[in-house]
Structures are given as C-alpha cells and as structure tokens.
Amino acid sequence: MSSVRDLFTDRLVLRAWTLDEAAAVVGGARSPDWAEDFPAEGDRVIAGLLADRPEWLGEHGHRLIVERDGGLVIGSLGLFWPPADGVVEIGYGVVPSRRGRGYAAEATRALTEFALTAPGVHTVRADVEPSNPASVRVLEKAGFELDHAEPGILRYRTARP
C-alpha cells in the first residue's frame, strides 16, 4: 500500500498509483475497480513511465481519480515533478463515460491546491491544444487563466495568492 495520503473532494478520491496498477495497465489487464473504459490512452502513457520515474509515485506525483460513490477508477491526473523555478505542470484525463460531470475540474482544482502547498512551488501550469475546448473549460473551471498562446498550444497557469 502507498504511503502517499489520499486527497478527497466532494465526489472523488485522488490516490497514488501503485506499480502493480501501472503494470496491469501496461500489460492490458482489467480490474473490477476500473470503469469499463479505463484506462484511456493518456493513462496508458503515464503507466508506462511510472517505473522509470519513481518521483511520480510520491506525494506530489500522479494519482488515479476514483469515484467516491462506487469506488471505480475513472481517470488519472498528476504533477510532472519536480518543479522548475517554482513552476510545476499538471495533466489530467477522465474516461469518456464519466466526462461532462465536472470530475476533471474538481480533481484538477484539488491537486492544484495541494501542489501550491509544496515548498518552493508558487505556480501550476498546464498546456492544452486550442482544438480541445473541453480541456480549456476544465482549466478555467479549476481557476486557471490563459498565460500564453502560440500556434498549437495554449498555456494556462494559476499561482499561489
């Protein structure tokens, strides 16, 4: 079991991945605790990197998004640790069957607030493609503001007050 403490929101639990879960995702296994469409492509990518990035399994790393009502894993999110000059990047994804419920914004807001309590972190950022308006809405609902735009990438950020 992980020593990383879970983060709780009204509807979600954000808990650390285990290496066994990552191996199951990479290996194509299924768990009864997963939503029928978990893992998505982004979850498979992260799972494939966790063995080589142990810091991503730590307190400020990557987490599974779990519905409190029912206990199903419905996505993942994480901080790309360590921060650089006080800035850490966040990424997130919720499986298609659970989109449109505000889960991604709820999880992103909670992990962002947690990240901003880490020593030396003053800003959380996320990059999104302009062709992904749903992800833009997630960031805006989670309190992020557009910081920089260039062809193909919108950079959003939020900072410690």
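Details of the structure are given in the entry above.
Quantities reported herein were computed from a predicted structural model and do not represent experimental measurements.

Comments concerning helix H1 (residues 19–27)
- Residues of H1 that are buried: Glu 21, Ala 22 and Val 25. Projected onto a plane normal to the axis of H1, the buried residues spread over an arc of 100° and lie on a single side. Relative to its buried face, H1 has exposed residues pointing more than 90 degrees away, namely Asp 20, Val 26 and Gly 27.
- A positive backbone phi angle near 80° is found at Gly 28, which sits one or two residues after H1.

Focus: the pattern of salt bridges
- Evaluation of the coordinates by the stated rule reveals twelve salt bridges.
- Residue Arg 15 is joined to Glu 21 by a salt bridge in which the shortest nitrogen-to-oxygen separation is 2.7 Å.
- With its nearest N and O atoms 3.0 Å apart, the salt bridge here joins Glu 67 to Arg 98. Note that Glu 67 is positioned in strand E3 (residues 62–67) and Arg 98 in the loop between strand E5 (87–94) and helix H3 (103–115), a separation of 31 residues in sequence. We note that Glu 67, like Arg 98, is buried.

Structural notes on the side chain of Glu 67
- Judged by its relative accessible area of 7%, Glu 67 falls in the buried class.
- Those residues in contact with Glu 67 that lie beyond four places of it in its chain are Arg 11, Leu 12, Leu 72, Ile 74, Arg 98, Arg 101 and Tyr 103.

Overview of helix H2 (residues 41–50)
- Inspection of H2 places Asp 43, Ile 46, Ala 47 and Leu 50 among the buried residues, and these make up the whole buried set. Along the axis of H2, the buried positions cluster into a sector of 105°, meaning they face one direction only.

A short note on unusual backbone geometry
- In this model, Phe 38 is joined to Pro 39 through a cis peptide bond whose omega is 5°.
- On the secondary structure map, Pro 39 appears in the loop between H1 and H2.
- Looking along the chain, the bond that leaves Trp 81 and enters Pro 82 is cis, with omega of 5°.
- Within the element layout of this structure, Pro 82 appears in strand E4 (residues 73–84).
- Even without glycine at this site, Asp 85 takes up a positive phi of about 55°.
- The topology assignment puts Asp 85 in the loop between E4 and E5.

Section: the layout of surface pockets
- Approximately 880 Å³ is the volume attributed to the largest pocket.
- Looking at the largest pocket, it is lined by 38 residues, and the ones nearest its centre are Tyr 92, Gly 93, Val 94, Ser 135 and Val 138.
- Counting residues per element, the ones that place at least two in the lining of the largest pocket are H2, E4, E5, H3, strand E6 (123–128) and helix H4 (133–141).
- Taken together, the residues of the lining of the largest pocket sort by class into 17 nonpolar, eleven polar and ten charged.

Some remarks on the environment of Arg 99
- With respect to the element layout, Arg 99 can be found in the loop between E5 and H3.
- Taking the C-alpha atoms as reference, Arg 99 lies 9.4 Å from Ala 134; in sequence the two are 35 residues apart.

Definitions and cut-offs
Residues numbered from 1 in each chain as written. Predicted model: local features only at pLDDT ≥ 70, side-chain atom pairs only at ≥ 80, totals over all residues. Heavy atoms only, no water. Buried < 20%, exposed > 50% of the residue type's maximum accessible area, 1.4 Å probe, protein only. Helix = DSSP H or I, 4+ residues; strand = E, 2+ residues; numbered from the N terminus. Arc of directions from axis to C-beta. Salt bridge = Lys/Arg side-chain N within 4 Å of Asp/Glu carboxyl O. Contact = heavy atoms within 4.5 Å. 1 Å grid on protein atoms, 1.4 Å probe; cavity = no way out; pocket = protein on both sides within 12 Å on 5 of 7 lines; lining within 4 Å. Points joined across faces, edges and corners; volume = space filled by probe spheres on them. Nonpolar A, V, L, I, M, F, W, Y, C, P; charged D, E, K, R; others polar.

So far we have only geometry, and geometry alone does not tell us how the molecule works.
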